[in-house]
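Below are the chains, spelled out letter by letter.
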Amino acid sequence: MPALESIASIGLKDIKINPDTLKKISAKFAYHYKVLPVKFEKNVLTLAIEDPLNLNVLDEIGLFSGFKIEPVYASLADILKSIKECYGLGAETIEEIMAQGSRLEVQEAGMENIDDLAQDASIVKFVNQMLVQAVNDNATDIHIEPYEEDVRIRYRMDGILYDVPIPGNIAYFKSAIVSRIKIMANLDISERRLPQDGRIKIKVAGQEMDLRVSILPTQFGESVDIRILISSMLYSLEGLGLSIADLQALERLINKPHGIFFVTGPTGSGKTTTLYACLSKINNTDKKIITIEDPIEYQLKGITQMQVHPKIGFNFATGLRSMLRHDPDVMMLGEVRDYETAEITIRVALTGHLVFSTLHTNDAAGGIARLLDIGIEPYLVASSVECFIAQRLVRVICLDCKGKGCEYCKFTGYKGRTAIYEFLIMKDEIREMILKRLPSGQIKNKALELGMRTLRMDGLEKVKKGITTISEVVRVTKED
């Protein structure tokens, strides 16, 4: 029995383990015994273990492996983390399926057997592991991407995609994994040629999650995107990251009795979150609020929400017309995409309703150009719109390491995101320029003269406050 003082300790974060060394112990053994092979030399296998004096475990591993075992101490947390990184997510589950001969079924059997395999306890376990890990990592999306002889899984965290370590032989089960996700989302398992969309409800650590599933057929199988939405998410204007001046301006705007309030920016810039926070702020018993969305991302208590169904002719324009028959005070439209929707939205605002919506433009002044481009008359834009707000999301410096990189932030230096904003409030001078159809560049310059801050200017203020970094601000405001 080795003496405690003679046993070395090892820091697993700083070492790179040879793949051939990892093969000396299966993932199943590593997870079961909570050990990690770190070195193999002259038939001696060095194992990281939390209790290096546990002779029973060491003897069992030595017996099964046929190697002489030399233990070194490492913390259990480090061992479990390294096992997942070295062997890949759910490696022991995949090994278990392989051991049952399921690989042969997938390679040689037809579609029916693959769908049967999707119900197998091991496939169910693997998909659950993938979902739980994504939630624990605060991921917003899971991407499962098939290739000819491989499959790739990535999580989007704080707006950036990261590869998930997975075992190489997972490619044999890509069809079964997709089928399992389809079963959970109540989709057609037999349909592999057309895109499909569905939803899954799960609970992780007592927290309810809505998973929005999108499946696309590709050359080498079906690609899956799973958007993770927290059902109980709370929205507040104060939590948006607005400056005091912008917060006060926004509160004044959303309490107006009528007009249109546009939030602009690309997909994934947090527009829906801003709109939900605005609606939550004014949501009380004396206001009837109705939304039409594509899709409904979060359920808001006390607000009537509708989802478009283009296949049956229920789009934003028809939804808006129906809304008016329900005596609303405030309406929220997921997006203005075309002339018909924009024209109805503006006429609704001019008849005494407050309307919230989004546009896909690079900056606030671009919202004006977008409405004019789709055919809206300048006098309608000038008389109905109260404000255009452009926004982007920037990563926040990790508070634990102040940006240097640590385990908490997965060595990125960032943890979480906040928004940067550009408020173009429709003052008289701006309305006059719109009526004259002046270019958006000139309108932007006039807005700057009147006190508007650009996205980059707002971002640099957050850099000065130590919230984010210059590189992050530049990354999301390249067009500025």
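Everything numeric in this text was worked out from a predicted model, so none of it was measured.

Okay, the pattern of salt bridges next. Per the stated rule, a full pass over the model turns up 27 salt bridges. When the shortest N-O distance is used, the salt bridge between Arg227 and Asp141 registers 2.8 Å. A residue pair is termed long-range when its members are at least 10 positions apart, and Arg227 in strand 9 (residues 221-230) and Asp141 in strand 4 (residues 141-146) qualify at 86 residues. Looking at Arg227, the relative accessible area reads 25%, which means it is partly exposed. Between Arg321 and Glu340 there is a salt bridge whose closest N-O contact spans 2.9 Å. Of the two residues, Arg321 sits in helix 12 (residues 316-323) while Glu340 sits in helix 13 (residues 339-350), which places them 19 residues apart along the sequence. Taken together, the shared-partner salt bridges connect Asp246, Arg453, Asp458 and Lys462 into one network.

In this section: the confidence of the model for the chain. Summarising the model, the chain shows a mean pLDDT of 88, and 93% of its residues fall at 70 or more. Within the model, the stretch residues 102-112 combines pLDDT values under 50 with 15 contacts to residues more than four positions away or in other chains.

The subject of this paragraph is the packing of aromatic side chains. Considering all chains together, one arrives at 10 aromatic pairs under this definition. Measuring from ring centre to ring centre gives 5.5 Å for Phe29 and Tyr33, while their planes differ by 50°; the resulting arrangement is tilted. Placement of the pair is Phe29 and Tyr33 together in helix 2 (residues 27-33), with a separation of 4 residues, close to one helical turn. By relative accessible area, Phe29 is classed as partly exposed at 25%. For Tyr33, a relative accessible area of 15% gives the class buried. Taking 6.5 Å as the distance between ring centres and 80° as the angle between the ring planes, the aromatic pair formed by Tyr172 and Phe173 counts as edge-to-face. Judged by relative accessible area, Tyr172 falls into the partly exposed class, the value being 28%. Residue Phe173 is classed as buried on the basis of its relative accessible area, which comes to 0%. An aromatic cluster of at least three residues, connected via ring pairs, comprises Phe29, Tyr33 and Phe64. Across the ring face of Phe40, the terminal group of Lys24 is positioned such that the distance to the ring centre comes to 4.5 Å. The aromatic ring of Tyr408 is capped on one face by Lys415, whose charged end is 5.1 Å from the ring centroid.

Taking strand neighbours across the sheet as the criterion, the 7 strands line up as 12-11-13-14-10-15-16 in an open arrangement whose pairing is mixed. Of all strands in the sheet, those with a lone pairing partner are strand 12 (304-307) and strand 16 (414-425), marking the two edges. With strand direction ignored, the average angle separating the axes of adjacent strands in the sheet is 20°. Taken together, the 4 bridges between strand 11 (residues 289-293) and strand 13 (residues 330-333) define a ladder with parallel strand orientation. Directly across from Thr291, in strand 13, lies its bridge partner Met332. Those strands touched by helix 10 (residues 244-254) are strand 10 (259-264), strand 14 (354-359), strand 15 (385-397) and strand 16, and its axis lies near 60° from that of strand 16. With respect to the sheet, helix 18 (residues 455-464) is in contact with strand 15 and strand 16, its orientation differing from that of strand 16 by roughly 140°.

This part takes up the nonpolar core. Within the largest apolar cluster, 44 residues are counted, with the highest numbers of intra-cluster contacts made by Leu371, Phe388 and Leu424. Not counting the four nearest positions on each side in its chain, Leu371 is found in contact with Phe262, Val336, Ala342, Leu359, Ile376, Val381, Val385 and Phe388.

Moving on, we come to the environment of Asp158. With respect to the helices and strands, the residue Asp158 is situated in the loop between strand 5 (151-157) and strand 6 (160-163). In the structure, Asp158 is positioned 256 residues away from Tyr414 in sequence and 8.2 Å away in space, judged by C-alpha atoms. A polar side-chain atom of Asp158 sits 3.0 Å from the main-chain amide nitrogen of Gly416.

Count 3.6 residues to each turn of an α-helix, and residues three or four apart come out pointing the same way. If you check which residues of helix 3 (residues 55-65) are buried, you get Val57, Leu58, Ile61, Gly62 and Ser65. Relative to the axis of helix 3, the buried residues are bounded by an arc of 130° and lie together on one face. Within helix 3, the exposed residues directed more than 90 degrees away from the buried face are Asn56, Asp59, Leu63 and Phe64. The elements touched by buried residues of helix 3 are helix 2, strand 1 (35-41), strand 2 (44-49) and strand 3 (68-73). Downstream of helix 3 by a residue or two, Gly66 has a phi angle that is positive, lying close to 80°.

What follows concerns the packing of helix 12 against helix 13. The N-to-C vectors of helix 12 and helix 13 enclose an angle of 20°; their axes lie 9 Å apart at closest approach. What the angle tells us is that helix 12 and helix 13 run roughly parallel. The interaxial crossing formed by helix 12 with helix 13 has left-handed handedness. Residue-level inspection shows Phe316, Ala317, Leu320 and Arg321 of helix 12 in contact with helix 13, the latter providing Glu340, Thr341, Ile344 and Thr345. Grouping the constituent residues of the contact of helix 12 with helix 13 by class yields 4 nonpolar, 2 polar and 2 charged.

Our next topic: a nonpolar patch on the surface. On the surface, Leu460, Ile470 and Val474 cluster together into a nonpolar patch covering about 230 Å² of accessible area. Summarising the element assignment, Leu460 is placed in helix 18. Leu460 sits in the partly exposed class, given a relative accessible area of 35%.

Now for unusual backbone geometry. Leaving glycine aside, a negative phi is the common case for residues, and trans is the common case for peptide bonds. In this structure, the amide linkage connecting Asp294 to the following residue, Pro295, adopts the cis form with an omega of -5°. Structurally, Pro295 is set in the loop between strand 11 and strand 12. Despite not being glycine, Asp327 has its phi angle at roughly 50°, a positive value. In this fold, Asp327 is placed in the loop between helix 12 and strand 13. Its identity as a non-glycine residue notwithstanding, Lys410 has a phi of 55°, on the positive side. Following the sequence through the fold, Lys410 ends up in the loop between strand 15 and strand 16.

Each value, and the rule that gives it
- Residues numbered from 1 in each chain as written.
- Predicted model: local features only at pLDDT ≥ 70, side-chain atom pairs only at ≥ 80, totals over all residues.
- Heavy atoms only, no water.
- Salt bridge = Lys/Arg side-chain N within 4 Å of Asp/Glu carboxyl O.
- Helix = DSSP H or I, 4+ residues; strand = E, 2+ residues; numbered from the N terminus.
- Buried < 20%, exposed > 50% of the residue type's maximum accessible area, 1.4 Å probe, protein only.
- pLDDT = per-residue confidence, 0-100.
- Contact = heavy atoms within 4.5 Å.
- Phe/Tyr/Trp six-rings, centres within 6.5 Å; stacked < 30°, edge-to-face > 60°.
- Lys NZ or Arg CZ within 6 Å of the ring centre and 35° of its normal.
- Pairing = 2+ DSSP bridges.
- Axes fitted to C-alpha atoms, helices over the stretch in contact; angles between N-to-C directions.
- Core = buried A, V, L, I, M, F, W, Y, C linked by side-chain atoms within 4.5 Å.
- Polar contact = N/O pair within 3.5 Å; in protein donor to acceptor, adjacent residues only side chain to side chain.
- Arc of directions from axis to C-beta.
- Parallel < 35°, antiparallel > 145°, perpendicular 65-115°, else oblique.
- Left-handed = near helix turned anticlockwise from the far one by under 90°.
- Nonpolar A, V, L, I, M, F, W, Y, C, P; charged D, E, K, R; others polar.
- Patch = residues over 30% accessible without salt bridge, like charges linked within 9 Å, V, L, I, M, F, W, Y side chains within 5 Å.
- Areas by Shrake-Rupley, 256 points an atom, 1.4 Å probe, with all protein chains shown as cover.

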